[in-house]
Amino acid sequence: MFRPKLELADIFRNHGAAWRAANAGHVSLDQLKVMSAIERCRTAALGGHVLRCEKCSHIAISYNSCRNRHCPKCQGAAAKEWLAEREAELLPVPYFHVVFSLPGQIADIAYQNKAVIYDLLFKASSETMLTIAADPKHLGARIGILSVLHTWGSALTHHPHVHMIVPGGGFSLDGNSWIACRPNFFLPVRVLSRLFRRLLLQKLAAAHAAGELQFFGNHAQLADAKAFAAYLAPLRESEWVVYSKRPFGGPEDVLRYLARYTHRVAISNRRLIAGDDKGVTFKWKDYRIEGPDRYKVMTLATHEFIRRFLMHVLPAGFHRIRYYGLLASGRRAHNVARARELLTPPIIPVDAIKAISANAAETPTAKHACPCCGGRMIIIERFERGATPHYRPSPPTAAIRIDTS
């Protein structure tokens, strides 16, 4: 299996101890847990099992995954499991991608109030979409939303925003019909941005009045109500960013897109280029530029790179994937079934996806194929955390490490 030359785990193992010592007292327990999990992921520290090929007796050792949601090596399997559950919920309608971003001034204070302000971002953006969609002047329908939080820019800067995947239509307000949106157009972004601005500023003011926000360092003065109101005042006149992309081609495109976005972490191992005395070099994308010049390379001092990555560790128990409207968890299955009744023609695309999945499941391909002959690899030994397996892997010339999670 392909393994990048440099992994985030390598950086943490080589420099994590020094970084923790230099930042003692300024690192949260959640961040320390993430570092430890990534350092130990797919190593003997977490245990594992030994696999042997039934045909050629090739032996490989597979170490257990940490399964931490911030680990770049563990999200592939998690995404596949999650996507398998979403296939049955797809509808034969266009799907739109809408993005709501926090202005820089609010992003600055969000870092000190992650749980509160990220939650307000979810609430204000979903309420905006549901309200404008239900307005007869626009769509006049009850819609469903899948919303995913990202907190990073491509250069690992703090840039909180939510990606929404929305079916192009919804139930009529009386629930008796399906109202489709116009081709290639869902809702006006200017109307969305202005309502989003008003709702989020209202919710921020209410959170401040309730004592839910904390301020430190350069923002300590914002604990005063008048200072906080003055801080937000310029934002009431500025234009906020809401971005709506063209609809996807079909359900298969939606699934491919979701696979890229729902379980993404701040940086993938594939973007890492080098780690040396100069720092960590990685690829990034400058979204302000169109064309091939937007793809660039950046080098950060190692301690700064680690700091930027850990900025994006979410509070324990915080849900970064949420559902609203017709897709809210309590009524999702019922609403999807009802939508299918109202929609015509029959949901051939969804059935096709199920058929493809069924055929793939029936294909006699080994879950873990031998890298030498393609035969089936079977487990012959399991070993606990920190233990050493009795079996040794096949010689390096033939051995290829197999990762399972």
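Parameters at a glance
- Residues numbered from 1 in each chain as written.
- Predicted model: local features only at pLDDT ≥ 70, side-chain atom pairs only at ≥ 80, totals over all residues.
- Heavy atoms only, no water.
- Axes fitted to C-alpha atoms, helices over the stretch in contact; angles between N-to-C directions.
- Helix = DSSP H or I, 4+ residues; strand = E, 2+ residues; numbered from the N terminus.
- Parallel < 35°, antiparallel > 145°, perpendicular 65-115°, else oblique.
- Left-handed = near helix turned anticlockwise from the far one by under 90°.
- Contact = heavy atoms within 4.5 Å.
- Salt bridge = Lys/Arg side-chain N within 4 Å of Asp/Glu carboxyl O.
- Buried < 20%, exposed > 50% of the residue type's maximum accessible area, 1.4 Å probe, protein only.
- 1 Å grid on protein atoms, 1.4 Å probe; cavity = no way out; pocket = protein on both sides within 12 Å on 5 of 7 lines; lining within 4 Å.
- Points joined across faces, edges and corners; volume = space filled by probe spheres on them.
- Phe/Tyr/Trp six-rings, centres within 6.5 Å; stacked < 30°, edge-to-face > 60°.
- Lys NZ or Arg CZ within 6 Å of the ring centre and 35° of its normal.
- Pairing = 2+ DSSP bridges.

Student: Lay out the packing of helix 5 (residues 114-134) against helix 6 (residues 189-209) in plain terms, naming residues and giving numbers.
Tutor: Where helix 5 meets helix 6, the axes come as close as 9 Å, and the angle between the chain directions of the two elements is 140 degrees. Between helix 5 and helix 6, the interaxial angle falls into the category oblique. Where helix 5 crosses over helix 6, the handedness of that crossing is right-handed. Contact residues: helix 5 offers Val116, Ile117, Leu120, Leu121, Lys123, Ala124, Ser125, Glu127, Thr128, Met129, Thr131 and Ile132, while helix 6 offers Val191, Leu192, Leu195, Phe196, Leu199, Leu200, Lys203, Leu204 and Ala207.

Student: Before we move on, can you summarise the pattern of salt bridges with the specific residues and values?
Tutor: Scanning all chains against the criterion turns up 16 salt bridges. Note that Arg338 is salt-bridged to Glu341, the shortest N-O span being 3.1 Å. One end of the pair is Arg338 and the other is Glu341, both in helix 10 (residues 332-342) and three residues apart, which spans about a single turn. Here Arg338 falls in the partly exposed class, since its relative accessible area comes to 26%. Each of Arg86, Glu89 and Arg332 takes part in a single network of salt bridges with overlapping partners.

Student: Give me the lowdown on unusual backbone geometry, citing residues and values where you can.
Tutor: As a rule of thumb, non-glycine residues mostly have phi less than zero, and peptide bonds are mostly trans rather than cis. For Ser57, which is not glycine, the phi torsion reads 65 degrees and is therefore positive. In this structure, Ser57 sits in the loop between strand 1 (48-53) and strand 2 (59-63). Judged by its relative accessible area of 45%, Ser57 falls in the partly exposed class. In this structure, Leu156 takes a positive phi of about 70 degrees despite not being glycine. Inspection of the secondary structure puts Leu156 in the loop between strand 5 (144-152) and strand 6 (158-167). The exposure class assigned to Leu156 is buried, which follows from its relative accessible area of 0%.

Student: Summarise empty space enclosed by the protein; cite the residues concerned and give the values.
Tutor: To find the voids left in a structure, one rolls a probe of water-molecule size over its atoms. With the rule as written, the count across this model stands at two cavities of 30 Å³ or more. Estimated volume of the largest cavity: approximately 200 Å³. Lining the largest cavity we find 19 residues, and of these Glu89, Leu90, Tyr95, Pro167 and Leu327 sit closest to its centre. Put simply, the parts of the chain that give the lining of the largest cavity at least two residues each are strand 5, strand 6, helix 8 (251-261) and helix 10.

Student: Please set out the packing of aromatic side chains residue by residue, giving values where relevant.
Tutor: Inspection of the entire model under this criterion finds ten aromatic pairs. Here Phe12 and Phe309 contribute two aromatic rings whose centre-to-centre distance is 5.8 Å and whose plane-to-plane angle is 70 degrees, an arrangement assigned as edge-to-face. Separated by 297 residues along the polypeptide, Phe12 in helix 1 (residues 8-22) and Phe309 in helix 9 (residues 302-310) bring together distant segments of the chain. You'll find Phe12 and Phe309 in the same group, each marked buried. Put simply, the rings of Phe100, Phe196 and Trp240 touch in pairs and so form one group of aromatic residues. The ring of Phe318 carries Arg322 above its face, with NZ or CZ at 4.7 Å from the centroid.

Student: Talk me through the sheet that holds strand 10 (residues 272-276); I want residue IDs and the actual numbers.
Tutor: Spatially, 10-11-12 is the arrangement adopted by the three strands of the open sheet, whose pairing is antiparallel. Each edge of the sheet is formed by a strand with only one pairing partner; in this case those strands are strand 10 and strand 12 (295-300). Across the sheet, the mean angle separating the axes of adjacent strands is 20 degrees when strand polarity is ignored. Strand direction decides the pairing type here: strand 11 (residues 279-285) and strand 12, joined by six bridges, are antiparallel. Across the sheet, the residue bridging to Trp284 is Lys296, located in strand 12.

Student: Please provide a residue-by-residue account of the environment of Pro389, values included.
Tutor: Mapped onto the secondary structure, Pro389 falls in the segment after strand 14 (377-383). Taking relative accessible area as the criterion, Pro389 reaches 6% and is therefore assigned buried. Between the C-alpha atom of Pro389 and that of Gly47, which follows or precedes it by 342 residues, the distance is 8.9 Å. With near-sequence residues (within four places) excluded, Pro389 lies in contact with Val50, Ile61, Glu381 and Phe383.

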